[in-house]
Amino acid sequence: MNRLTIHTDGNGPTINRHIYGHFAEHLGRCFYDGIWVGEDSPIPNTRGIRDDVVAALRHINIPNLRWPGGCFADDYHWRDGIGPREERPGRVNTHWGNVIETNHFGTHEFLDLCEQLDCEPYICGNVGSGTVQEMRDWLEYLTFAGDSTLADARRQNGRDDPWPITYWGIGNENWGCGGNMRAEFYADVYRRYATYCRHFDGRKLYRIAGGPHNADYHWTDVLMREAAAFMDGLSLHYYSMIQWDSKGSATDFDESGWFTILKKALYMDTIIGQHSAIMDRYDPDRRVGLVVDEWGTWYDAEPGTNPAFLYQQNTLRDALVAAVTLHIFHKHCERVHMANIAQTVNVLQAMVLTQGEHMILTPTYHVFEMFKGHQNATRLPILVEPEDYVFDNDAIPQISASASRNAAGEILVTFCNTSPNQPADLTCNLHGTGALNVTGRILTAESMNARNTFESPEAVEPKPFDRFSICNGHLAITLPAMSVVALTLT
Ligand code: AHR
């Protein structure tokens, strides 16, 4: 029997809503087609930005959007993306298929998108091939209210007021595509860039250093030792994939593929724990956030699509990955201040997929929608005592769960059953709770690789759920195999 104890009247840290952030790069069909169709498109749009995508993302309360990369960020020169569109230069997108980047989507378009989404922009500046002056000038262009040449150029390009920028990345993967630097070298480079990255209206800028990937603990140690005083956040990238050179199909997999990807996703708990322990040595008050600004599943691109465009389908397996990962972020929310799933539209573990004028929601999208009540809620103390889900002489916990209480006193408890073939009986003690109304929703399907397609867009979507009973602060629940369940207790 799986057991759970939740202290519903307990207090914990706030689950920062920015943990539910997103990442969109100039890569494949993420922007061009997926978000940006241009003002003259027959696809309904507002100033060139797709209305259907904006409405979908607003519905999950998207808190922030990271842009323009990724690897693209360290090859991006912001002046290419301002001014009349027909005069903007075409550049080769060297990281993603050598296609021509028209720069039709640039600074003004991105910040218009964020305003339409009502989310915070998170801009990643160019360290790898840019200069300190270029980055500093971008900030003046964006944030200065007075009459400088750069602020006047912004006005000429149609924006009078400065934008309220808070989140600023200083390079991306600077151990790799962002300059192939050593940690010791990048730490000094970071300090230099950070010195000139300021808000020109006097507000505080949240500066995020290019961080490690996976289990590169040396990078974290050096950055924290040499540069913690100059940063507010340290980025971390971790993708759940079978193997870098043979990632496997997003849709055609057996139980081994299911188990392996979920086990890889759960490894996020270990690496966050290890990076946090290093950060604790230099920053015991946890002022510096760990910003997991790229995470998600990564498979071989869909057959018949450009492999450099990283277009992949999204199944129930991805929904489970999203759910267990968000639970891990909640667990570490005193250190994890922000996270950004890769990537919002048509790339990797996307929220939505588009085809011409059509858009579908993925199973991952539905998890973000079911979990949105956790945003900015108080994490409740929880003890999870799961059974094992055993596969091929290996095991992972069958249950993952998290609970929070919002400002109105409503409690949201979210659960996953990771087993693709066994239901999970769960007994849950709710300490501190009186009479309760409970409503439930479930995301599951008949097969591990169930997915939404343009022909069948509602194959996987949340349904009402009532396989639970509650009596005297004791909740008994049966989670069907391979399911994500959300219960709201009022
Ligand atoms: O998300 C795709 C790529 O993965 C990003 O551009 C890069 O930062 C990471 O390696």
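None of these values were measured; they are calculated from a predicted model. (Residues numbered from 1 in each chain as written. Predicted model: local features only at pLDDT ≥ 70, side-chain atom pairs only at ≥ 80, totals over all residues. Heavy atoms only, no water.)

Here we look at the overall build of the protein
- Looking only at helices and strands, the protein features 9 helices and 27 strands.
- The C-alpha radius of gyration of the protein comes to 22 Å, within 12% of the 23 Å expected for a compact globule of 490 residues.
- Taken across its 490 residues, the protein has 60% of its residues classed as buried.
- Considering only residue pairs separated by 6 or more positions, the protein has 76% of its internal contacts joining residues 24 or more positions apart.
- As displayed, the protein offers around 18600 Å² of accessible surface, 47% of which is attributable to carbon and sulfur atoms.
- When the 39 positive and 61 negative side-chain charges of the protein are each reduced to one mean point, those points stand 5 Å apart. (Helix = DSSP H or I, 4+ residues; strand = E, 2+ residues; numbered from the N terminus. Rg over C-alpha atoms; globule rule 2.2 N^0.38 Å. Buried < 20%, exposed > 50% of the residue type's maximum accessible area, 1.4 Å probe, protein only. Contact = heavy atoms within 4.5 Å. Areas by Shrake-Rupley, 256 points an atom, 1.4 Å probe, with all protein chains shown as cover. Lys, Arg positive; Asp, Glu negative; His and termini not counted. Charge placed at Lys NZ, Arg CZ, Asp CG, Glu CD.)

A few points about the packing of helix 6 (residues 217–227) against helix 7 (residues 255–282)
- As a packed pair, helix 6 and helix 7 sit with axes 9 Å apart at the nearest point and diverge in direction by 25°. Classified by the angle between their axes, helix 6 and helix 7 sit roughly parallel to one another. Helix-helix and strand crossings are classified by hand; for helix 6 and helix 7 the assignment is right-handed. Between helix 6, through Tyr217, Thr220, Asp221, Met224 and Arg225, and helix 7, the contact on the second element is made entirely by Tyr267, Thr270, Ile271, Gln274, His275, Ile278, Met279, Arg281 and Tyr282.
- Class assignment for the residues of the contact of helix 6 with helix 7 results in 7 nonpolar, 4 polar and 3 charged. (Axes fitted to C-alpha atoms, helices over the stretch in contact; angles between N-to-C directions. Parallel < 35°, antiparallel > 145°, perpendicular 65-115°, else oblique. Left-handed = near helix turned anticlockwise from the far one by under 90°. Nonpolar A, V, L, I, M, F, W, Y, C, P; charged D, E, K, R; others polar.)

Comments concerning the side chain of Asn417
- Following the sequence through the fold, Asn417 ends up in strand 21 (residues 411–417).
- At 2.8 Å, the side chain of Asn417 forms a polar contact with the backbone oxygen of Gln422.
- Reaching out from Asn417, the side chain makes a polar contact with the backbone oxygen of Leu479 at a distance of 3.2 Å.
- Sequence-distant contacts of Asn417, defined by excluding residues within four places in its chain, comprise Leu320, Gln398, Gln422, Pro423, Ala424, Leu479, Pro480, Ala481, Met482 and Ser483. (Polar contact = N/O pair within 3.5 Å; in protein donor to acceptor, adjacent residues only side chain to side chain.)

Structural notes on unusual backbone geometry
- Cis geometry is found at the peptide bond from Trp67 to Pro68, where omega equals 0°.
- Inspection of the secondary structure puts Pro68 in the loop between strand 5 (64–67) and strand 6 (91–93).
- Cis geometry marks the peptide bond from Ala342 to Gln343, where omega comes out at -15°.
- Inspection of the secondary structure assignment puts Gln343 in the loop between strand 13 (336–342) and strand 14 (352–355).
- One non-glycine residue with positive phi stands out, namely Leu348, at about 50°.
- Note that Leu348 resides in the loop between strand 13 and strand 14.
- Of the residues examined, Leu348 reaches a relative accessible area of 1% and is grouped as buried.
- Positive phi outside glycine occurs at Asn393, with the angle close to 65°.

Remarks on the nonpolar core
- Leu113, Trp168, Ile170, Leu223, Trp295 and Phe329 are the most contacted members of the largest nonpolar core, which has 124 residues in total.
- Counting 23 residues, the second-largest nonpolar core is a separate cluster that includes Val413, Leu426, Ile477 and Leu489. (Core = buried A, V, L, I, M, F, W, Y, C linked by side-chain atoms within 4.5 Å.)

Section: the site of the ligand
- Neighbouring the ligand are 13 residues, the closest being Glu25, Cys71, Glu173, Tyr239 and Glu294.
- Interatomic distance of 2.7 Å between a side-chain N/O atom of Glu25 and an oxygen atom of the ligand.
- The side chain of Tyr239 places a nitrogen or oxygen atom 2.8 Å from an oxygen atom of the ligand.
- Burial of the ligand by the protein chains amounts to 93% of its free accessible area of 290 Å².
- Of the residues in the shell around the ligand, the class split is 6 nonpolar, 4 polar and 3 charged. (Near = heavy atom within 4 Å.)

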